[in-house]
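# Architecture and fold: a report
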Amino acid sequence: MSASTTATTRHDWNLAEVKALFQQPFNDLLFQAQTVHRAHFDANRVQVSTLLSIKTGACPEDCKYCPQSGHYNTGLEKQKLMEVQKVLEEAARAKAIGSTRFCMGAAWKHPSAKDMPYVLQMVKGVKAMGLETCMTLGKLDQEQTQALAEAGLDYYNHNLDTSPEFYGSIITTRTYSERLQTLAYVRDAGMKICSGGILGMGESLDDRAGLLIQLANLPEHPESVPINMLVKVAGTPLENAEEVDPFDFIRMLAVARILMPKSHVRLSAGREAMNEQMQALAFFAGANSIFYGEKLLTTANPQADKDMQLFARLGIQPEAREEHADEVHQAAIEQALIEQKSSELFYNAVSA
Ligand code: SAM
Ligand code: DTB
Ligand code: SF4
């Protein structure tokens, strides 16, 4: 076993080393990633979170990938901050389908003072339902970060998206160093960090490696590392971006797993365009969390029952919240198995 498959957690990765990981033969890379994965996780458990857009569209930022940016016309219906009660109803729905974490996202540059009290009520309400809480609201100041932590927010999602070198080609209205500053506030306030990026924006291998180096060389690794495949949305500047080679996407997950052995690596946006074989390979490469439920923020995600059927076929179980019994998950799996069985019966009857 090579030095990098041992249990040490490093924060001093350099570009040559990380590129060498990427450039290994595919089978060697996957074997190494799976070995690291098994040293830290149950390889047959995947964490599931559900997303909700609590404020949609008209965002002042110009992120070239994003359907919610006010700079582009994507035909998206804008929505002001959702009522707290409505958010809690959506959280209850997420819990009922077996999600353990509820992630609320807002298309803001940063939260405003008038919105903060509602956001804090959402955190408290969702937490009280026995779900883990996650928010992604843009840039935070120290006071806002503290308030979110005190309300019980478990995770803050704030993506670096790509390497520092490529970032300016994708976003011009906010800087990499502001992103890092918000992540530092989140860490100082004692919350868990969810931070990752996107593939398929025209970035180079150096940029993919550069993003992972930024994340892995933080003083502490993010607990959650979402790797998104660009969802190409008509009207955004990246609507015709070149497809990523599926094996290169899997390589990204595998290298993330090796660099951040104890983090959950999230197979994030883009699953709707991936077949089941690719998703299975993603789990083999060490991805161990997904977004679950038919919608991401504004775009489509696979149907929950389809995901449960895939889990059942692969012998994967949803990860339970540590202190929670697993009845809801068990019920979801059993239901999926019944549905799979009846679709097989239907198929057999038709083909007989
Ligand atoms: N406005 C906040 C921010 O940017 O930090 C929070 C919401 S924003 C939509 C959250 C993340 O979604 C972005 O950082 C980006 O990585 C991801 N994202 C947005 N549009 C995407 C797309 N079309 N395909 C893949 N990921 C996307
Ligand atoms: C993350 O890395 N991906 C999620 C979540 N964090 C907030 C968002 C994906 C958004 C995909 C495009 C959309 O649905 O609007
Ligand atoms: Fe706004 Fe976030 Fe979309 Fe950028 S990614 S345009 S900040 S909602």
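Quick caveat, the model's predicted, so the values are computed rather than measured.

Close to ligand 1 lie 18 residues; Tyr65, Asn159, Asp161, Arg179 and Val231 are nearest. Separating a nitrogen atom of ligand 1 from a backbone N or O atom of Ala106 is a distance of 3.3 Å. Within the contact set of ligand 1, an oxygen atom lies 2.9 Å away from a side-chain nitrogen or oxygen of Arg179. Burial of ligand 1 by the surrounding chains reaches 90%, relative to a free accessible area of 560 Å². Taken atom by atom, the bulk of ligand 1 overlaps the largest cavity. Grouping the amino acids of the shell around ligand 1 by side-chain chemistry returns 11 nonpolar, 4 polar and 3 charged.

To continue, consider the layout of surface pockets. Where empty space is left becomes clear once a probe the size of a water molecule has been rolled over the atoms. A volume near 490 Å³ is recorded for the largest pocket. As for the largest pocket, its lining consists of 22 residues, of which Leu51, Leu52, Glu90, Glu294 and Lys295 are closest to the centre. For the lining of the largest pocket, the secondary-structure elements that each account for two or more residues are β1 (45-55) and α3 (84-96). Split into classes, the residues belonging to the lining of the largest pocket amount to 10 nonpolar, 6 polar and 6 charged.

Relative to each other, helix α4 (residues 116-128) and helix α5 (residues 142-151) sit at 30 degrees, their axes nearing to 9 Å. With respect to their mutual orientation, α4 and α5 come out roughly parallel. In this structure, the crossing between α4 and α5 has a hand that is right-handed. Seen from α4, the contacting residues are Met116, Val119, Leu120, Val123 and Lys124; seen from α5, they are Gln144, Ala147, Leu148 and Ala151.

So, about the site of ligand 3. The immediate surroundings of ligand 3 are formed by Cys59, Glu61, Cys63, Tyr65, Cys66, Ser69, Ala107 and Arg174. Of the pockets mapped on this structure, ligand 3 occupies the largest cavity.

A word on the packing of aromatic side chains. Applying the stated criterion across every chain, the model contains 3 aromatic pairs. Each ring, one from Phe26 and one from Phe247, has its centre 5.4 Å from the other, and the planes form 65 degrees; the classification is edge-to-face. Of the two residues, Phe26 sits in helix α2 (residues 26-40) while Phe247 sits in helix α9 (residues 246-259), which places them 221 residues apart along the sequence. Given the relative accessible area of 19%, Phe26 is considered buried. A relative accessible area of 47% means that Phe247 is categorised as partly exposed. Considering the side-chain rings of Phe283 and Phe311, the 6.0 Å spacing of their centres and the 80 degrees angle between planes classify their relative orientation as edge-to-face.

To continue, consider the environment of Arg251. As for its position among the elements, Arg251 is in helix α9. Arg251 gets classed as buried once you look at its relative accessible area, which sits at 16%. Note: C-alpha distance between Arg251 and Ala282 (31 residues apart in sequence) is 8.8 Å.

A few words on the pairing of β1. Burial analysis of β1 places 10 of its 11 residues in the buried class, the great majority of the element. Of the strand pairs in this sheet, β1 and strand β10 (residues 317-318) are connected by 2 bridges, and their pairing is parallel. Its bridge partner being in β10, Arg45 is matched across the sheet by Gln317. Note that β1 and strand β9 (residues 287-291) share 3 bridges and pair parallel. Opposite Gln47, over in β9, you have Ser289 as the bridge partner. Bridging between β1 and strand β2 (residues 101-106) involves 6 bridges; their strand directions are parallel. Bridge pairing in β2 links Leu51 to Cys103. After leaving β1, the chain enters α3 and then returns to the sheet as β2, a path that is right-handed.

Procedures and definitions
- Residues numbered from 1 in each chain as written.
- Chains lettered and ligands numbered in written order.
- Predicted model: local features only at pLDDT ≥ 70, side-chain atom pairs only at ≥ 80, totals over all residues.
- Heavy atoms only, no water.
- Near = heavy atom within 4 Å.
- Polar contact = N/O pair within 3.5 Å; in protein donor to acceptor, adjacent residues only side chain to side chain.
- Areas by Shrake-Rupley, 256 points an atom, 1.4 Å probe, with all protein chains shown as cover.
- 1 Å grid on protein atoms, 1.4 Å probe; cavity = no way out; pocket = protein on both sides within 12 Å on 5 of 7 lines; lining within 4 Å.
- Sits in = over half its atoms within 2 Å of the grid points.
- Nonpolar A, V, L, I, M, F, W, Y, C, P; charged D, E, K, R; others polar.
- Points joined across faces, edges and corners; volume = space filled by probe spheres on them.
- Helix = DSSP H or I, 4+ residues; strand = E, 2+ residues; numbered from the N terminus.
- Axes fitted to C-alpha atoms, helices over the stretch in contact; angles between N-to-C directions.
- Parallel < 35°, antiparallel > 145°, perpendicular 65-115°, else oblique.
- Left-handed = near helix turned anticlockwise from the far one by under 90°.
- Contact = heavy atoms within 4.5 Å.
- Phe/Tyr/Trp six-rings, centres within 6.5 Å; stacked < 30°, edge-to-face > 60°.
- Buried < 20%, exposed > 50% of the residue type's maximum accessible area, 1.4 Å probe, protein only.
- Pairing = 2+ DSSP bridges.
- Right-handed = clockwise from strand over helix to strand, strands pointing away.

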